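# Notes for the structure review
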Amino acid sequence: MISFQDLDLSNPLRNSIEDLGFINPTPIQEQAFSVVRSGKDVVGIAQTGTGKTFAYMLPILRDLKFSKQQHPRILVLVPTRELVVQVVDEIEKLAKYINLRVLGVYGGVNLNRHKEAVLQGTDIIVATPGRLYDLAISRVLKLKSIQKVVIDEVDVMLDLGFRFQLLNIFELLPVRRQNVMFSATMTEDVEALIDDYFVGPKKIAIAVSGTPLDNIEQVAYNVPNFYTKINLLLELLFDKNEFGKVLIFAPNKRNADRIFNLVEDEFPNQSCVIHSNKTQNYRLRSIEEFNNGNHRILIATDVIARGLDLNEITHVINFNPTQYPENYMHRIGRTGRAERKGKSILFATENEQKVKLAIEELMDYKIPLVEIPEQVVISKELTEEERPSEDRDQSKNRTSQEYVPGPAFHEKKEKNKKVNLGGSYRREIVKKYKKPKTRGDKNYNKRNKKK
Ligand code: AMP
């Protein structure tokens, strides 16, 4: 294993690496260093958590000379606002002893503010494609001075529909430039983009077996439905010492909100949620609250969570197996990052077994199955999506006595009176009612009240 001493770094970079406490470059950092410095086009296949930001930034900063020119020489394009903030942060850490100007720009912020910032002059601009294009066509930002372009998380970018914005930006860039691209997965779209715009790119990739997977302890539960998943989740989360910093992946925005509300009911002020419908401020605040430890639970959707640098996550809980197996790898890669051990938990229903199998095939690893703890109530209640379609139609006009969506209100009130009862409270309830009390089954609760 080589150390940072073995890389041809400058002293200021060595010092900042030392301050960060990093000793060995990660495999992608080791491989990328000389290739990026060579000036050739580079395609790196690496997941988040492999140290890819430094993999491209170290060689770029190594060769970037001091300059007072206004227009940037390095452009870093990333798919989300959060990633802009994070990459700027990483660059600032690395450039602690270098006289360097870095600017991050993204949509949702007043354009004039960014125009003013651009006029101040910058060496590196980190941007989401839309905002960068707006600044470029307003003529405040000139892209002709760009020497190197890094496109990070290209697969996500193309997923989010940024293809045309990327092509528009390419039009404005000088023909002679170095292209560096990082993608976690190689998709047809990514390949097409490389074929059209890259010149004889050098490919660097780290073997699947060398991915953070080795650092992650995985388990899976077979769970019949959404509300049982909730019951299991809450049971697990009761153990605050074990579950110190938990990232929960929800299948979509709607379920993310649902999970968030139910978790907040049980553990007030301990969680936050992010997805693409939340405002930028809300998202940034959520991440901050989670990263600084004010909230121990973050509920997120795939697209928004990918690429975020979240500190020291103890557990990733997958509320569902992902449709695309690679995304599961991205999810669990959020724990056990760099050199720390992490844990991943997967919930899967009967209907989700097929996608779970695809994930196991991709990893060439069978995720060990764990039994649901006895005290976890098996719910009979189904979400609207889980119900057979006939019932779904019925429930629209609320004629069905069988299904009442959402948790029962009086159950919440009763619980709210109790403070910090931990897992034992639920066990008491189970004992008291003997039969499992279904979370949110209003009719069942009514029946029991009358007794
Ligand atoms: P990234 O894949 O760029 O999102 O980086 C993942 C995390 O690993 C970040 O928190 C980095 O600060 C950290 N990191 C990057 N390079 C190293 C390294 N050589 N040794 C230890 N940690 C690192």
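These notes cover the structure that comes with them. All values reported here derive from a predicted model rather than from experimental measurement. (Residues numbered from 1 in each chain as written. Predicted model: local features only at pLDDT ≥ 70, side-chain atom pairs only at ≥ 80, totals over all residues. Heavy atoms only, no water.)

### What to know about the packing of helix α14 (residues 325–332) against helix α15 (residues 353–363)
At a closest axis distance of 8 Å, the pairing of α14 and α15 adopts a crossing angle of 75°. When the axis of α14 is compared with that of α15, the two are roughly perpendicular. Along its contact with α14, which presents Pro325, Glu326, Tyr328 and Met329, the element α15 presents Ala358, Ile359, Leu362 and Met363. Of the residues belonging to the contact of α14 with α15, the class tally is 7 nonpolar, no polar and 1 charged. (Axes fitted to C-alpha atoms, helices over the stretch in contact; angles between N-to-C directions. Helix = DSSP H or I, 4+ residues; strand = E, 2+ residues; numbered from the N terminus. Parallel < 35°, antiparallel > 145°, perpendicular 65-115°, else oblique. Contact = heavy atoms within 4.5 Å. Nonpolar A, V, L, I, M, F, W, Y, C, P; charged D, E, K, R; others polar.)

### Structural notes on the site of the ligand
In the vicinity of the ligand there are 16 residues, among which Asn24, Gln29, Gly49, Gly51 and Thr53 approach most closely. With respect to the ligand, the backbone of Thr50 contributes an N or O atom lying 3.1 Å from an oxygen atom. When the ligand sits alone it has 500 Å² of accessible area, and the protein chains cover 89% of it. Both domains that furnish three or more residues to the shell around the ligand are identified here as domain 1 (4–206) and domain 2 (216–382). (Near = heavy atom within 4 Å. Polar contact = N/O pair within 3.5 Å; in protein donor to acceptor, adjacent residues only side chain to side chain. Areas by Shrake-Rupley, 256 points an atom, 1.4 Å probe, with all protein chains shown as cover. Domains from an automatic or database assignment.)

### Brief notes about the packing of helix α2 (residues 27–37) against helix α3 (residues 52–63)
The geometry of α2 relative to α3 is characterised by a closest axis approach of 8 Å and an angle of 35° between their N-to-C directions. α2 and α3 meet at a crossing whose hand is right-handed. Facing Ile28, Gln29, Ala32, Phe33, Val36 and Arg37 of α2, the residues of α3 in contact are Lys52, Phe54, Ala55, Tyr56, Leu58, Pro59, Ile60, Arg62 and Asp63. (Left-handed = near helix turned anticlockwise from the far one by under 90°.)

### A short note on the packing of aromatic side chains
Aromatic ring pairs are defined here through the distance separating the ring centres and the angle between the ring planes. Tallying each qualifying case throughout the model produces 8 aromatic pairs. Note on Tyr56 and Phe182: the rings are 5.6 Å apart at their centroids and 45° apart in plane angle, and the pair reads as tilted. Separated by 126 residues along the polypeptide, Tyr56 in helix α3 and Phe182 in strand β6 (residues 178–183) bring together distant segments of the chain. Neither residue differs from the other here; Tyr56 and Phe182 are each classed as buried. Note on Phe170 and Tyr197: the rings are 4.7 Å apart at their centroids and 50° apart in plane angle, and the pair reads as tilted. (Phe/Tyr/Trp six-rings, centres within 6.5 Å; stacked < 30°, edge-to-face > 60°. Buried < 20%, exposed > 50% of the residue type's maximum accessible area, 1.4 Å probe, protein only.)

### Quick notes on the pattern of salt bridges
Counted according to the given criterion, the structure contains 18 salt bridges. Measuring nitrogen to oxygen at the nearest pair gives 2.5 Å for the salt bridge that ties Arg283 to Glu82. Here the residue Arg283 occupies a position in helix α12 (residues 280–291), and Glu82 occupies one in helix α4 (residues 81–94), the gap between them amounting to 201 residues. In this structure Glu82 comes out as buried when scored by relative accessible area, which is 3%. Bridged by salt links that share partners, the residues Asp8, Arg37, Arg62 and Asp63 form one connected network. (Salt bridge = Lys/Arg side-chain N within 4 Å of Asp/Glu carboxyl O.)

### Looking at the pairing of strand β12 (residues 315–318)
Of the two faces of β12, both are covered, the one formed by His315 and Ile317 as well as the one formed by Val316 and Asn318. Here 4 bridges tie strand β9 (residues 246–249) to β12, and the two strands are oriented parallel to one another. Counted as the bridge partner of Phe249 is Asn318 from β12. When β12 meets strand β13 (residues 342–348), the two strands line up parallel, connected through 4 bridges. (Pairing = 2+ DSSP bridges.)

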